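# Coordinate inspection notes
So you can see what is in the structure, the chains are spelled out below.
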Amino acid sequence: MTLEEKIGQMTMIDRKVASADIVKDYFIGALLSGGGSVPAPKASAETWINMVNEFQSGALSTRLGIPLFYGIDAVHGHNTVYNATVFPHNVGLGVTRQAMFSPPVLCLKTIWDPELVKKIGAATALEVRATGIPYTFAPCIAVNKPQHVCRDPRWGRCFESYSEDHEIVRAMTEIIPGLQGDLPPDYPSRLPICWTKVAACQAFFVGDGGTTDGINESNTIIDWDGLLSIHMPAYLDSIRKGVATIMISFSSLNGTKMHTNYDLITGYLKKTLKFRGIVISDSQGIDKITTPPHDNYTYSVEASINAGIDMILVPENFTELIDTLALLVKKNVISMTRIDDAIERILRVKFIMGLFENSMADFTLVNQLGSQEHRELAREAVRRSLVLLKNGENGDVPLIPLPKKAKKILVAGSHANNVGNQCGGWTIEWHGLSGNITIGTTILAAVKNAVDPQTEVVHHENPGKEFMNSNGFSYAIVAVGELPYSETVGDSMNLTIARPGYDTITNVCQAIKCVVIIISGRPVVIQPYLPLIDALVAAWLPGTEGQGVADVLFGDYGFTGKLARTWFRTVDQLPMNVGDPHYDPLFPFGFGLTTTPRDMKESQ
């Protein structure tokens with residue numbers, strides 16, 4: 001291979017700046033769809049396949065015909081693609097359990113349910129492949145340092161983490177064999193695997209869940225023992241399970257930018273842990289090595305490649321990267337040995353992915369996109385990810401399960417009839433969008449589907465006191481919460497829900513019996529309103545299948561979820577995590593009320 005061919009293989013660019021000719025002329029090794037980067041609004045699976053194949057034709061027409069791989073952020077289902085199944089975000093999946101139980105002692109390794117996550121990974125892989133894409137930037141295994149975050153929910157990426165407990169996060173690495181496939185017997189140790197499904201990307205190495213004050217892309221301060229015991233175990237598990245790629249974190253570790261951290265990337269990840277896959281930068285990750293970003297690009301390229309990064313996610317100004325890297329190699333600032341290490345890893349993964357034998361995608365799996373089977377799995381995940389935090393006062397008759405047969409019920413709140421709000425960030429667009437942005441079932445539609453045909457369901461997003469006092473409702477369901485966000489946009493110092501959520505709770509719950517459903521990517525402020533609320537449900541970010549919410553509200557299934565993170569009383573307490581001194585939460589880690597399914601109750 002020529003130097004130009006090698007550097008092209010190390011370059012990943014966004015489809016927005018790509019063409020078949022550009023792929024051919026610059027020997028581009030990888031493309032991606034960044035958040036919201038799509039071939040057309042509401043593009044079909046066939047449209048996606050045709051686009052990917054056109055780019056691939058450029059790669060195959062080069063001298064060596066090395067196929068490219070195409071990546072996308074499929075972090076809770078194939079979430080960028082219209083009509084895909086959107087599963088609950090990790091914050092909800094972390095509370096799912098294998099079976100109902102009643103003892104007070106929590107045994108994390110046997111209770112929390114990695115098998116469900118593995119099934120979700122497999123379904124996601126099929127939907128990604130259905131659009132001709134062989135690579136996903138998932139999963140995120142951000143964990144939470146005991147005295148820092150993301151057991152500080154002020155961090156805007158908290159919804160991407162399964163829990164504040166790193167043992168739960170380790171268990172949830174089962175999503176990797178779900179995405180990539182199980183390791184065959186006697187498979188070589190620490191070698192990536194993605195024979196039949198998609199290549200996964202473990203993100204973000206390392207310590208991004210521990211930044212000071214929960215500020216995204218900031219600095220994590222931790223000693224070596226803490227790093228090994230809190231942040232590293234999930235990476236070791238992922239490598240053992242054959243993860244194909246690992247993405248480097250934007251954040252710094254004890255003041256050193258992770259994108260320049262030779263000791264951890266080459267010294268520990270590659271040499272000590274024997275990781276043999278691709279180490280990839282985050283999007284514009286090398287630009288952010290300097291402050292301001294891109295201030296000394298030559299240094300950023302030198303420092304990141306010499307640290308051990310194999311592929312640079314540019315994503316747009318790729319000619320500058322190619323020219324700069326070529327000059328640094330020709331000046332012997334970056335050795336050809338380092339370049340060859342990167343190329344060996346890139347080609348290894350492409351061979352294992354089967355891209356050389358099956359470079360072009362076909363239409364075999366197009367019916368998997370948004371399939372009913374996957375939507376039923378997502379519906380199951382929703383009902384198992386809900387946590388019942390309150391169900392009547394002590395001694396009162398529980399409000400849940402709600403009666404299906406009633407004269408008239410109210411469904412209220414900004415999140416009651418809004419698929420986009422249910423799904424949260426990383427849905428259709430990078431930061432998500434409000435509105436019915438893809439195919440799915442809203443909570444309002446789910447309630448209408450669940451109740452008796454004679455029950456009148458009234459929808460009012462933000463009813464006033466006069467409306468409440470003049471309608472004679474039997475009870476109300478109020479769905480409120482956060483608006484969609486991701487990453488730095490989601491950093492919050494107050495952790496309040498979107499307006500007019502608290503007003504809606506007050507107006508409705510002062511007037512009649514109410515169940516409040518919180519749609520959020522983390523615990524939020526609720527204590528001042530708790531006395532008004534008869535039943536309270538943490539639904540996290542459930543995704544497109546809102547029918548799962550109604551399944552448990554009306555007693556077709558029981559509530560089983562247990563909090564995988566601490567729910568604070570006031571933001572002044574943060575950061576506060578289980579095991580901390582002066583631990584005084586509103587709802588502690590592991591809390592969650594249970595209910596009995598209606599048919600089981602009637603048979604007793």
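Since the model is a prediction, treat every value here as computed from it, not as a measurement.

## Brief notes about the overall build of the protein chain
Along its length, the protein chain carries 21 helices and 17 strands. Compactness check: the protein chain gives a C-alpha radius of gyration of 24 Å against a globular reference of 25 Å for 604 residues, within 12% of the reference. In terms of overall dimensions, the protein chain has a C-alpha envelope of 80 × 55 × 45 Å along the principal axes. Considering the protein chain as a whole, with its 604 residues, one finds that 64% of them fall into the buried category. Looking at the protein chain alone, contacts between residues at least 24 apart form 77% of all its contacts between residues at least 6 apart. The average position of the 51 basic charges and that of the 62 acidic charges among the side chains of the protein chain differ by 3 Å.

## A few points about the sheet that holds strand β6 (residues 219–220)
With mixed pairing, 3 strands are arranged side by side in an open sheet as β6-β8-β9. A strand with exactly one partner marks an edge of an open sheet, and here the two such strands are β6 and β9 (256–257).

## Regarding unusual backbone geometry
Cis geometry marks the peptide bond from A203 to F204; its omega dihedral reads 0°. Topologically, F204 is positioned in strand β5 (residues 201–205). Of note, the bond from I400 into P401 is cis; its omega dihedral lies within 30 degrees of zero at 10°. Checked against the element boundaries, P401 lands in the loop between β12 (387–391) and β13 (408–412). Its identity is not glycine, yet F27 carries a phi of approximately 55°, on the positive side. Looking at where F27 falls in the secondary structure, it is placed in the loop between α2 (20–26) and β2 (30–33). A positive phi is found at N83, a non-glycine position, where the angle reads about 75°. Position of N83 among the secondary structure elements: in the loop between β3 (69–72) and α4 (90–93).

## Observations regarding helix α11 (residues 262–272)
Residues separated by three or four positions in an α-helix point in the same direction, a consequence of the helix having 3.6 residues per turn. What α11 keeps buried is the set L264, I265, T266, Y268, L269 and K270. Directly beyond the C-terminal end of α11, a positive phi value near 60° is found at K274.

## Topic: the side chain of T504
In this structure, T504 sits in helix α19 (residues 501–509). If we skip the residues at most four places from it in the chain, T504 touches A412, G413, E461, N462, P463, V478 and V480.

## Remarks on helix α10 (residues 233–240)
Of all 8 residues in α10, 6 are buried; the element is thus mostly enclosed. Taken together, the buried positions of α10 are P233, A234, Y235, D237, S238 and I239. At its buried positions, α10 is contacted by α7 (166–171), α8 (175–180), β5, α9 (224–231), β7 (245–248) and α11. Residue G242 follows α10 closely and has a positive phi angle near 90°.

## Considerations on the sheet that holds strand β1 (residues 11–14)
If you walk across this open sheet you meet the 5 strands as β4-β3-β2-β1-β11, and the pairing is parallel. At either end of the open sheet lies a strand with only one pairing partner, and these are β4 (135–136) and β11 (312–313). Both β1 and β11 contribute to a ladder of 2 bridges, which runs parallel. Bridged to M12 within β11 is L313. Relative to β3, helix α3 (residues 45–60) is tilted by about 140°, and along the sheet it contacts β2 and β3.

## Here we look at the pattern of salt bridges
Oppositely charged side chains may form a pair once their charged atoms are brought near each other. Scanning the model with the defined rule gives 28 salt bridges in all. Residue D551 is joined to R383 by a salt bridge in which the shortest nitrogen-to-oxygen separation is 2.9 Å. Here the residue D551 occupies a position in helix α20 (residues 547–553), and R383 occupies one in helix α15 (residues 372–385), the gap between them amounting to 168 residues. Like R383, D551 is buried. Through salt bridges that share partners, K270, D310, R338, D341 and R345 make up one connected network.

## Remarks on the nonpolar core
Counting 182 residues, the largest nonpolar core has L553 and W567 as its most contacted members. Every residue in contact with L553, bar those within four places of it in the chain, is listed here: I400, P401, L402, I477, V515, I517, V537 and F559.

## Section: the pairing of strand β16 (residues 514–519)
By the criterion of burial, β16 is predominantly enclosed, with 6 of the 6 residues buried. Residues C514, V516 and I518 point to one face of β16 and V515, I517 and I519 to the other, with burial holding for every one of them. Pairing of strand β15 (residues 475–481) with β16 involves 6 bridges; the strand directions are parallel. Each residue of the ladder has a partner; that of G481, found in β16, is I519. One crossover worth recording links β15 to the parallel β16 by way of α19, and it is right-handed. Where β16 lies against strand β17 (residues 535–540), 5 bridges are found, and the strand directions are parallel. Bridge pairing links V515 to A535 in β17.

## Quick look at the environment of G501
If you trace the backbone, G501 turns up in helix α19. Here G501 falls in the buried class, since its relative accessible area comes to 2%. The spatial distance from the C-alpha of G501 to the C-alpha of S414 is 7.0 Å, given a sequence separation of 87 residues.

## Re the packing of helix α12 (residues 297–307) against helix α13 (residues 318–330)
Close contact between α12 and α13 brings their axes to 10 Å; oriented N to C, the two are set at 70°. Judged on the interaxial angle alone, α13 and α12 are roughly perpendicular. The interaxial crossing formed by α12 with α13 has right-handed handedness. Between α12 and α13, the contacting residues are Y297, T298, V301, E302 and I305 on the first element and E320, L321, T324, L325 and L328 on the second. Classifying every residue of the contact of α12 with α13 by side-chain character gives 6 nonpolar, 2 polar and 2 charged.

Cut-offs applied
Residues numbered from 1 in each chain as written. Predicted model: local features only at pLDDT ≥ 70, side-chain atom pairs only at ≥ 80, totals over all residues. Heavy atoms only, no water. Helix = DSSP H or I, 4+ residues; strand = E, 2+ residues; numbered from the N terminus. Rg over C-alpha atoms; globule rule 2.2 N^0.38 Å. Buried < 20%, exposed > 50% of the residue type's maximum accessible area, 1.4 Å probe, protein only. Contact = heavy atoms within 4.5 Å. Lys, Arg positive; Asp, Glu negative; His and termini not counted. Charge placed at Lys NZ, Arg CZ, Asp CG, Glu CD. Pairing = 2+ DSSP bridges. Axes fitted to C-alpha atoms, helices over the stretch in contact; angles between N-to-C directions. Salt bridge = Lys/Arg side-chain N within 4 Å of Asp/Glu carboxyl O. Core = buried A, V, L, I, M, F, W, Y, C linked by side-chain atoms within 4.5 Å. Right-handed = clockwise from strand over helix to strand, strands pointing away. Parallel < 35°, antiparallel > 145°, perpendicular 65-115°, else oblique. Left-handed = near helix turned anticlockwise from the far one by under 90°. Nonpolar A, V, L, I, M, F, W, Y, C, P; charged D, E, K, R; others polar.

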